[in-house]
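An overview of the molecular structure
Listed below are the residues making up each chain.
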Amino acid sequence: MKQLFFICCVLLLVSGLSAQPRLSFLDGKFTIVQFTDLHWDPLSSGCDTTAATIRGVLDMEHPDLAVLSGDIVTGNPALKGWNQVISLFEESHTPFVVTMGNHDGEYLSKDTIFDTLLRSPYYAGSKGPSTLSGCGNCVLPLFSSSGGEKPVAALYCIDSNDYQPNSLYGAYDWIHFNQIDWFRQQRDSLIQVNGGHSLPSLLFMHIPLKEYESLDMVNATFGNSLEGCVSSADVNSGMFASLVETPDVMGVFAGHDHDNDYIGMNGSIALGYGRVTGADAYGSLTRGARIISLTEGAFRFDTWITTPEGREPAYYYPSGLNEYEELSSTYLPALNQKPLKHGVAYSYHEGNFRQVADIDKVPLKKKGIMNNLSILDAPVSDHFAYKFHTLLNIAERGVYRFYMYSDDGAVLYIDGHLVIDNDGGHSKHRAEGKVALEAGLHDVRVLYFEDYMGETLEVGYSGRNLLERPLPDECLFLPD
């Protein structure tokens, strides 16, 4: 009884909810639609187009929750506009939650906005603690398909605030420390309820974090990057550091930059934009929404853009792979071999190296067989090299992302194709490459050299249904 009382108290603490909708997985899935930047002007005919977009996406996707990530009503009479937007979700019986944008408070006070929202039986959020910066800071617990009173996942909504007065630090405000401290307290409470284990979580806000700027626009993102910049606060609030410290938030989703809708990985955390929804908002992208499909009991989600014209290709977390690659790639066929023994064949060399091509210029010291690709048994600490050869068994047809940490240079070939080039003398550095593989055995060759000061080699992979990991011993076979 005491434990149940404690759980109930914690759930009230983290959610701030009472009669609001209970959010639960259905058959192991929970679907979120993110509408962003409606820029709803009650006096504009564009509202009819925006409403049609929202209704069209809701009819196609039947989400369990809609998240409106800021800049919702940006015209007067604003109260009428908010009631019009609310009615769209009430008529479709869709639970919804709102995070404030930088323009929302310009037309109606945030307190009045949330008092209006909370009158709807379909509003799933709360106004949030009055002691915090902003309004609407809340966490929504998600419950299991099978019932129960303990949450199995969580959705955080944070007000990214509006503008700050000091022109030395740019136009936009940032997430304040009291909000970050609140977030950490809510996360810790949920972990305690969950027996010390992190819950798969997502975070929604309006203005993107500054860490969006560090995404590689060519190799690490999927989607449109037409804005030409990330319009974040100039000051780094430390929010992202709090996300990194505890591995529960899988992804952060923002709006604000109407011509960006991309998603990419910053370390293990996905940073993504929604698709602009409002007809009266600037931007050239077809109006629509981002869909996020969570998998119960897993740190995993699929996400895609839906417009009234249909769905666009999906992006998969945590692999960072996408449906377009699956459909458009040329798949390397599996080898017609049936090896009986696990292992990796290697040759070992000593000498001076500046690139992997130098390995064949020095005499062979020894060769043999080991369980995996490893440099731990090298008899010297500097000026040595390995050539590894093994067959990797791929259980499922798909696109795979291979990674390599090396100090110094290394390259990875699969079926004779160069997949990762991490060559040259350098300190510990990660490089990645993608390749489409049919199920079965594939020829893997790794060339590595150590020049001086530090030696590291790790080779691993991930797939849509495969969490990132080093190549496992049981999947490596000796070539015939």
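In short, a report on the structure. Please read these numbers as outputs of a predicted model, since none were measured by experiment.

**Quick notes on the pattern of salt bridges**
For the coordinates displayed, the defined rule picks out 22 salt bridges. D443 is paired through a salt bridge with R445; the nearest N and O atoms lie 3.1 Å apart. We classify D443 as buried; its relative accessible area is 15%. When salt bridges with common partners are traced through the structure, they connect R401, R430, E432 and E468 into a single cluster.

**A look at unusual backbone geometry**
The amide bond that connects N76 to the next residue, P77, takes the cis arrangement and shows omega of 0 degrees. Topologically, P77 is positioned in the loop between β3 (65-69) and α3 (78-91). Look at the link from D407 to D408: it is a cis peptide, with omega at 15 degrees. Assignment of secondary structure puts D408 in the loop between β21 (398-407) and β22 (410-414).

**A word on the side chain of D408**
There is no salt bridge for the buried D408, and the closest opposite charge comes from R354, which lies 7.9 Å off by N-O distance. Only 2.7 Å separates the side chain of D408 from the backbone nitrogen of D451, close enough to count as a polar contact. Excluding anything up to four places from it in sequence, D408 contacts N422, G424, G425, H426, Y448, F449, E450, D451 and Y452.

**Here's the deal with the sheet that holds strand β6 (residues 153-157)**
The strand order β1-β5-β6-β7-β9-β11-β10-β8 describes an open sheet built from 8 strands, whose pairing is mixed. Bordering the open sheet on either side are β1 (23-24) and β8 (221-222), each of which pairs with just one other strand.

**Here we look at the packing of aromatic side chains**
The full count for this structure, using the stated rule, is 23 aromatic pairs. An angle of 55 degrees between the planes, with centres 6.0 Å apart, marks the rings of F35 and F89 as tilted. Pair noted here: F35 is in strand β2 (residues 29-36) and F89 is in helix α3, with a separation of 54 residues, a long-range link. Exposure remark for F35: the relative accessible area of 0% places this residue in the buried category. The class of F89 is buried, set by a relative accessible area of 0%. An angle of 85 degrees between the planes, with centres 6.0 Å apart, marks the rings of F384 and Y386 as edge-to-face. Accessibility classification places F384 together with Y386 in one group, the buried group. Members of the aromatic cluster, joined through ring pairs, are Y346, Y348, F384, Y386, F388 and Y448. A cation sits over an aromatic face here: R22 above F143, 4.0 Å from the ring centre. Of note, R397 hangs over the ring of Y331, and the distance from its end group to the ring centre comes to 3.6 Å.

Rules used in this analysis
Residues numbered from 1 in each chain as written. Predicted model: local features only at pLDDT ≥ 70, side-chain atom pairs only at ≥ 80, totals over all residues. Heavy atoms only, no water. Salt bridge = Lys/Arg side-chain N within 4 Å of Asp/Glu carboxyl O. Buried < 20%, exposed > 50% of the residue type's maximum accessible area, 1.4 Å probe, protein only. Helix = DSSP H or I, 4+ residues; strand = E, 2+ residues; numbered from the N terminus. Lys, Arg positive; Asp, Glu negative; His and termini not counted. Polar contact = N/O pair within 3.5 Å; in protein donor to acceptor, adjacent residues only side chain to side chain. Contact = heavy atoms within 4.5 Å. Pairing = 2+ DSSP bridges. Phe/Tyr/Trp six-rings, centres within 6.5 Å; stacked < 30°, edge-to-face > 60°. Lys NZ or Arg CZ within 6 Å of the ring centre and 35° of its normal.

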